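Examining the three-dimensional arrangement
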Amino acid sequence: MSAPEKIVAEQRTEFGKGAARRIRRENKIPAVVYGHGEDPQHLTLPGHQTMMALRHGGANALLDLDIDGTSQLALTKHVQVDPIRRLIEHVDFVAVKRGEKVTVD
């Protein structure tokens, strides 16, 4: 398996429909990382770079998210896409640890 694609992510402090629309207007994607008994991390990802990484990695893309200087491996759980414009609206990730065995469909 190839090395995971590295993406620089920003922590999100605003939540809700209005905040998500503002993020999308800036050509960015709202995302959430769940897993390992920790609180969910709400993130903002760069739009084009994320779209290309998910297209290249497929439905179960493994990404290396750089969140405020710390690295977090994340496996794509769900990608929400606008049915007409075909743009990514939201991404859910599951946190994984290096060396951890994961089963996906």
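Whatever comes next refers back to the structure up there.
In this text the structure is predicted, and so the values were computed from the model without any measurement.

What counts as what
- Residues numbered from 1 in each chain as written.
- Predicted model: local features only at pLDDT ≥ 70, side-chain atom pairs only at ≥ 80, totals over all residues.
- Heavy atoms only, no water.
- Helix = DSSP H or I, 4+ residues; strand = E, 2+ residues; numbered from the N terminus.
- Rg over C-alpha atoms; globule rule 2.2 N^0.38 Å.
- Buried < 20%, exposed > 50% of the residue type's maximum accessible area, 1.4 Å probe, protein only.
- Areas by Shrake-Rupley, 256 points an atom, 1.4 Å probe, with all protein chains shown as cover.
- Lys, Arg positive; Asp, Glu negative; His and termini not counted.
- Charge placed at Lys NZ, Arg CZ, Asp CG, Glu CD.
- Polar contact = N/O pair within 3.5 Å; in protein donor to acceptor, adjacent residues only side chain to side chain.
- Phe/Tyr/Trp six-rings, centres within 6.5 Å; stacked < 30°, edge-to-face > 60°.
- Lys NZ or Arg CZ within 6 Å of the ring centre and 35° of its normal.
- Arc of directions from axis to C-beta.
- Contact = heavy atoms within 4.5 Å.

**A word on the overall build of the chain**
- Within the chain one finds 2 helices and 6 strands.
- When its helices and strands are written in sequence order, the chain yields β-α-β-β-α-β-β-β.
- Here the chain has a C-alpha radius of gyration of 13 Å; the compact-globule value for 105 residues is 13 Å, and the two agree.
- Each principal axis of the C-alpha distribution contributes one length, and for the chain these read about 40 × 30 × 20 Å.
- Looking at the chain as a whole, 36% of its 105 residues are labelled buried.
- When the accessible surface of the chain is totalled, it reaches about 6900 Å², and 50% of it is carbon and sulfur.
- Across the chain, the 15 positively charged side chains and the 14 negatively charged ones have centroids separated by 5 Å.

**Comments concerning the environment of threonine 70**
- Tracing the backbone shows threonine 70 in strand S5 (residues 70-81).
- Here the alpha-carbon distance between threonine 70 and glutamine 49, two residues 21 residues apart in the chain, equals 19 Å.
- Among the polar contacts listed, one links the side chain of threonine 70 to the backbone oxygen of isoleucine 67, at a separation of 2.8 Å.

**A short note on the packing of aromatic side chains**
- All chains considered together, the criterion is met by 0 aromatic pairs.
- Lysine 77 extends its terminal NZ or CZ atom over the ring of tyrosine 34, reaching a point 5.7 Å from the ring centre.

**Concerning helix H2 (residues 47-57)**
- Along H2, the positions that sit buried rather than exposed are Gly47, Thr50, Ala53 and Leu54. The buried residues of H2 occupy an angular sector of 135° when projected down its axis, which confines them to one face. Turned more than 90 degrees from where H2 packs its buried face, His48, Arg55 and His56 sit exposed.
- Elements in contact with the buried residues of H2: strand S1 (5-11), strand S2 (28-34), strand S3 (41-46), strand S4 (62-67), S5 and strand S6 (88-96).
- In the segment just after H2, glycine 58 is the residue with positive phi, at about 85°.

**Side note on unusual backbone geometry**
- Although it is not a glycine, aspartate 68 adopts a positive phi angle of roughly 50°.
- Along the chain, the position of aspartate 68 falls in the loop between S4 and S5.
- Accessibility expressed as a relative area gives 58% for aspartate 68, which makes it exposed.
- A positive phi angle, close to 60°, is found at arginine 86, a residue other than glycine.
- The residue arginine 86 is located in the loop between S5 and S6 in this model.

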